[in-house]
Amino acid sequence: MVRHRPSLPTVATAALAVAAATLSLAGCSSSSSKPSAASNPSSTGASASSAATPSGSDSSSAPAAASSSSSAAPVRDPNTDLVIWTDAQRAPVLQDFAKSFAASNGISVSVQAVANDLQSAYVTATAAGKGPDIVVGATDWIGNLVQNGTISPLPLTADQKGAFQATALTAVTYNGQVYGVPYATENLALITNTAEAPASPATFEDMVKNGQDAVKAGKASEALSLQISQQGDAYTMQPLLGSAGGFIFGTKADGTYDPSQVGVDSAGAKAFGAQLAKYGEKGANVLKRSIDPNNAVSLFTSGKAPYLVSGPWALEQVRKAGIKYAISPVPGFAGQGPAKPFVGVQAFYVSAKAKNTALAQEFTLNYLTRKDVEEALYKVDPRAPALTEAYNDVSKTDPDIAAFQAAAAHGVVLPQIPAMSAVWGPLGIAEAAIVGGADPNTAMSDAATQIKAAIAKG
Amino acid sequence: MPSERLARLSWPRVVFVGLVAAFAVVTIPALVDRHSWTGVAIAVAVTAILAYVYLSPRRIAARFLVPGTLLLLAFQVFPVAYTINTAFTDYGDGHRLSRSEAVAQIQADSVVEQPGAKRYELSVATKGADASGSFVFFLTDADGKVQRGDTAGLTPVPDAEVTKDPITGKVITVQGWHVLTGIQVNGLGERLKSFAVPTKDGFIKSVGLSQAYVGQFTMKYDAAAHTMTDTQTGTVYKESDGDFKAADGSGKTLPIGWKVGVGLKNFGAVVTDGAIRGPFFRVLAWTLAFAFLSVATTFGLGLLLAVVMDHPKLRGRRIYSSLLLLPYALPAFISTLVWQSMYNKDFGLLNKLFGTHVDWLGGAWAARGSVLLTNLWLGFPYMFLVCSGLLQAVPQELKEVARVDGASPLRVFRSVTMPTVLIGVMPLLIASFGYNFNNFNVIQLLTKGGPYPSGSATAGQTDILISYTYRLAFGAQGAQYGLSSAISFLIFILVGLISYTGFRQTRALEEVYAR
């Protein structure tokens, strides 16, 4: 029996081919920039708003509504005067506004949905000269977009600036410059199923007691639905971290965040750690790692949990579920401060490499800053408008929006500085570990050490 | 004779070369447009080589080799070279631009509107009707006074020469000038963006289509000294390793940096950085164990099932086989996510079904087991398929002979069946090992590397090298392509060595069985 014997070069080539394939694989996976899967709050919001999205905090599997949901990198539509990129959920909403702007200016506008990781797709495409004129995203993107030279400051007039709510304006201001036109604010609140438990508990302790009573009475099976997951969720934990006196970054004299002051191992943060342990799996078993972005909202809408900590993106599902609900601020711990959720803002940014800067500025500065436009945007996507007048109108008819806004009263602005990307991972993991039974002090100190090291390196 | 030569050309070749030429005709002008001369050179060279090889009657061997070689260059050699090249730079978030782009962007980002200055209503006009010529601004201030602005400065325009919009005051027509429409203004593009009318202590720039503002830079670049000065605070920033750092030692750095070569720094970081070096060998050990166990379990189960199904007396073989192939038919991405939800401690199917309270993805060993179990489920149908095919190839007469000689079924399996199967399957097992060595999807979708031991958010208990690299490179300060390329290159060498050894072993095995 004669067999073909591979010669040495053949073997070497084959080995090289396998290795090369792995390298190109590695290259592929690294081509998508921001992984911060467990982290990015904006993506948390995005995925939470689509009920069926399986991969919780990873925004990658947004529904297939988008035309460009293929794995190929998105490229700007070459045939129109103004190109806007947004995520898959918002694209159909913006389409109408873009159309009306296009009609009144005699131009063509195209709104392109980018289903996968819009931020890094935008940064990469803009660097290659294939980006859009305008991109829509959360304000925690600003630091990264600016350091990559992909967005330009927007010269808003003093009147235009004054028309926005103060938090919204702060959220789009970075290094003293306004980089975006805000259109909606979002923050966490407590949503109560009023058939199962009393609404607006004054303290976290009261809420837990009410929840446990509901469980005892057989009305529910969980006292509280607060998403943590195995990797932790620093965004959803922030209200409680703030209540116990902890903070992520200290502030400079001008009120902006200072990446050199990390407060993850501050006394307040350790007090928060102690509370986590108390209510964690080895304690009261109210905070659980098994509650994650995939099941948090459905636990509430199915009546299994009387309380849900979530944002306006959950509102649509909650309303559809047909339960009686009330929205109130996330309660703080008894004897400690009020809860301090992150207040984030969705905003429009003009590309630094825009092909149609004049039109893009016209659209963002003079069209999106109109009251009727912001109100119309609210109608299709119920979040608190950033424009004060629009908010006042809307909150009169929609108490939920007013309730979410009230929940932000003690909120802190979601940091825009790039150093924040060094925080999400380690802080979340530390929180999940404490909930699982790890020592709170060690876990918080370890997280702080890692965050500081990462920031020093950057 | 040329005509004879043409006559000998088969038409598929002619069509192919025609298509290649057509592709070149389409791409080359676009590349010229973008001044991508390397691209033009490559396009011309590839077209020329393909045309020569396929039209020449002599290059028959090359006709088969050239396409493969070109694809190898494009899809293997180029990415590898590019990755290695990137490994020697600091390319990543904050260091994506070139130096000159970064300088320009820092200045552009520093423009502030002059405090107290009023906005102008803006009209843009050209001398002739042609919008591509040079243009000027006609600016109406808050009092309704009109001025003409060009690169030299402002000149007053008498009211008699213009007509204005009664409400806004925007200039509609001017004697001797042609006022542009909004679309035309937008069409000026880059020229409008860089156009500024100098004033006493700043400049006038357009904003939108019909407004202009007085702005000033707060960052001044000194091209000779390579420094950037903040005019508001007086801080001087000096160039240092692709960043502008404050010269006063306060550690302040301007947000925008640029890409520079860093030599072996990224490779050095692997050795010197405690966060990387510390857990490296733990992760490597688990990666090897994960890859090896994944191959072993999938192959074991696949082979076992194939042998069982191979039994001629088994009824309904087709149905069983189809059912067994089901996991292979489902998209792995979806099934992994389904597995992830089944592992949920409180709400997952597994614990509900068995009435247990196992924290499948929360404990170190439980999570490792869960990852292997899911990977087994995903991988065994492939091995089953391959083994079924190979079992058919075992010569029946050899088995008969062995049986006649009195060999037990087990002995027949070990000495006759297995060698044949192994020779066929060995290269696949090596490839499968290489694949699982970098099986990012299963890890990322199931555990994201977790659970994490106390004090380490960089390396979890189920992290394999590639998921660990991914978090290192993109988890901290945004994307760090330079560092990730360096680690990818190291993994590349590692997998290359393992594969090489593996293939050498196969060769030895084949030599043994060939005798």
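Here is what the cut-offs are and how they apply
- Residues numbered from 1 in each chain as written.
- Chains lettered and ligands numbered in written order.
- Predicted model: local features only at pLDDT ≥ 70, side-chain atom pairs only at ≥ 80, totals over all residues.
- Helix = DSSP H or I, 4+ residues; strand = E, 2+ residues; numbered from the N terminus.
- Buried ≥ 20, exposed ≤ 12 C-beta atoms within 10 Å, placed from the backbone.
- Contact = placed C-beta atoms within 7 Å.
- Rg over C-alpha atoms; globule rule 2.2 N^0.38 Å.
- Domains from an automatic or database assignment.
- Nonpolar A, V, L, I, M, F, W, Y, C, P; charged D, E, K, R; others polar.
- Axes fitted to C-alpha atoms, helices over the stretch in contact; angles between N-to-C directions.
- Left-handed = near helix turned anticlockwise from the far one by under 90°.
- Pairing = 2+ DSSP bridges.
- Expected span 1.5 Å × (residues − 1).
- Bend = angle between axes of the 7 residues up to and from the residue.
- Parallel < 35°, antiparallel > 145°, perpendicular 65-115°, else oblique.

What follows deals with the overall build of chain A. Counting its secondary structure elements, chain A contains 18 helices and 14 strands. Per-residue burial over chain A gives 63% buried out of 458 residues. Within chain A, contacts between residues at least 6 apart in sequence are counted, and of these 75% link residues at least 24 apart.

It is worth spelling out the overall build of chain B at this point. Tallying secondary structure elements over chain B gives 18 helices and 15 strands in all. Its C-alpha atoms give chain B a radius of gyration of 35 Å, more than 25% over the compact-globule value 24 Å for 515 residues. Oriented by its inertia axes, the alpha-carbon framework of chain B measures out at about 120 × 80 × 45 Å. Scored against the burial criterion, the 515 residues of chain B give a buried share of 33%. Within chain B, contacts between residues at least 6 apart in sequence are counted, and of these 60% link residues at least 24 apart.

Residues and elements named next belong to chain A. Locating glycine 411 in the fold gives a position in the loop between α16 (399-407) and β14 (412-413). According to the C-beta neighbour criterion, glycine 411 is buried, with 24 such atoms within 10 Å. Along the primary structure glycine 411 and glycine 129 are separated by 282 residues, whereas in three dimensions their C-alpha atoms are 38 Å apart. Residues contacting glycine 411, with those up to four places away along its chain left out, are Asn187, Lys340, Pro341, Phe342 and Val343.

What follows is about helix α9 (residues 234-243) of chain A. It helps to recall that an α-helix has 3.6 residues per turn; residues three or four apart then point in one direction. All names here are of chain A. With 10 of its 10 residues buried, α9 lies for the most part within the structure. Within the span of α9, buried status applies to Ala234, Tyr235, Thr236, Met237, Gln238, Pro239, Leu240, Leu241, Gly242 and Ser243. Backbone geometry just downstream of α9 places glycine 245 in the positive-phi region, at approximately 95°.

Attention now goes to the domain arrangement of chain A. All names here are of chain A. For chain A, the domain assignment lists domain 1 (41-186 + 343-413) and domain 2 (189-341 + 417-457). When each unit is reduced to the centre of its C-alpha atoms, the spacing between domain 1 and domain 2 is 27 Å. Counting from both sides, the interface comprises 28 residues of domain 1 and, opposite them, 28 residues of domain 2. Contributions of two or more residues to the side of domain 1 that touches domain 2 are made by α2 (41-48), α5 (142-147) and α16. Among the residues making up the side of domain 1 that touches domain 2, the classes are represented as 13 nonpolar, 11 polar and four charged.

Take the packing of helix α14 (residues 396-404) of chain B against helix α15 (residues 409-437) of chain B next. Residue and element names in this part refer to chain B. Viewed as axis vectors pointing N to C, α14 and α15 meet at an angle of 145°, and their least axial separation amounts to 10 Å. When you trace α14 past α15, the crossing you get is right-handed. Residues Leu398, Lys399, Ala402 and Arg403 of α14 lie in contact with α15, whose contacting residues are Val412, Ser415 and Val416. Across the contact of α14 with α15, the residue classes break down as four nonpolar, one polar and two charged.

Turning to the pairing of strand β12 (residues 219-222) of chain B, a few remarks are in order. Looking along a regular strand, one sees the side chains alternate between the two faces of the sheet. Residue and element names in this part refer to chain B. Where β12 and strand β13 (residues 227-230) come together, four bridges link them in antiparallel fashion. By the bridge assignment for β13, aspartate 222 is matched with threonine 227. Counting the residues in the hairpin turn of β12 and β13 gives four residues, including histidine 226, whose phi is positive at 55°.

A common way to report how large an interface is uses the accessible area buried once the components associate. Entries for chain B in the domain assignment read domain 1 (2-87), domain 2 (111-216) and domain 3 (270-514). Look at where the C-alpha atoms of domain 2 of chain B and domain 3 of chain B centre, and you get two points 68 Å apart.

Another point: helix α13 (residues 364-393) of chain B. With 30 residues, α13(B) ought to run about 44 Å at 1.5 Å a step, and its terminal C-alpha atoms sit 42 Å apart, in line with that. The largest bend in α13(B) is about 40°, located at Gly379(B), with the proline Pro381(B) one to four residues further on.

Residue and element names in this part refer to chain B. With respect to burial, strand β10 (residues 202-207) is a largely interior element, five of its six residues being buried. Of the strand pairs in this sheet, strand β9 (residues 197-199) and β10 are connected by three bridges, and their pairing is antiparallel. Within β10, the residue paired with valine 197 across the bridge is isoleucine 204. Count of turn residues in the β9/β10 antiparallel hairpin: two residues. Relative to strand β11 (residues 211-216), β10 runs antiparallel, the two being bridged by five bridges. Residue pairing in the sheet places serine 206 in a bridge with alanine 212 of β11. The hairpin formed by β10 and β11 contains three residues between the paired strands, and glycine 208 there has a positive phi angle of roughly 70°.

This brings us to the sheet that holds strand β11 (residues 325-328) of chain A. Residue and element names in this part refer to chain A. The three strands lie next to each other as β10-β7-β11, forming an open sheet whose pairing is antiparallel. The sheet is open, and its two edges are formed by β10 (307-310) and β11, each paired on a single side. The sheet shows a mean angle of 25° between the axes of neighbouring strands, taken without regard to direction. Two elements, strand β7 (residues 189-193) and β11, share four bridges in a ladder whose sense is antiparallel. By the bridge assignment, leucine 190 is partnered in β11 with serine 328. Sheet strands touched by α16: β7 and β11. Its angle to β11, the strand with the most contacts, is close to 35°.

Moving on: the sheet that holds β13(B). Residue and element names in this part refer to chain B. Across the sheet, which stays open at both edges, the four strands sit in the order β12-β13-β14-β15 with antiparallel pairing between neighbours. The sheet terminates laterally at β12 and β15 (243-246), the two strands that pair on one side only. Averaged over all neighbouring strand pairs, the angle between strand axes comes to 30°, with direction disregarded. Summarising the sheet, β13 and strand β14 (residues 236-240) pair through three bridges and their orientation is antiparallel. Bridged to threonine 227 within β14 is lysine 238.

Before going further, it helps to examine the packing of helix α3 (residues 37-55) of chain B against helix α4 (residues 60-87) of chain B. When two helices pack together, their arrangement is given by the angle between the helix axes and the distance between those axes. Residues and elements named next belong to chain B. It is at 9 Å that the axes of α3 and α4 come closest, and there the two elements cross at 160°. With respect to each other, α3 and α4 are oriented roughly antiparallel. Considering the relative orientation of α3 and α4, their crossing is left-handed. Contacts from Val46, Ile49, Leu50, Val53 and Tyr54 of α3 reach α4 at Ala62, Arg63, Val66 and Leu70. Tallied by class, residues from the contact of α3 with α4 come to eight nonpolar, no polar and one charged.

Let us look at unusual backbone geometry. With the exception of glycine, the majority of residues adopt a negative phi angle, and the majority of peptide bonds are in the trans configuration. Positive phi values are uncommon outside glycine, yet Ser229(A) reaches one of about 65°. Looking at where Ser229(A) falls in the secondary structure, it is placed in the loop between α8 (204-216) and α9.

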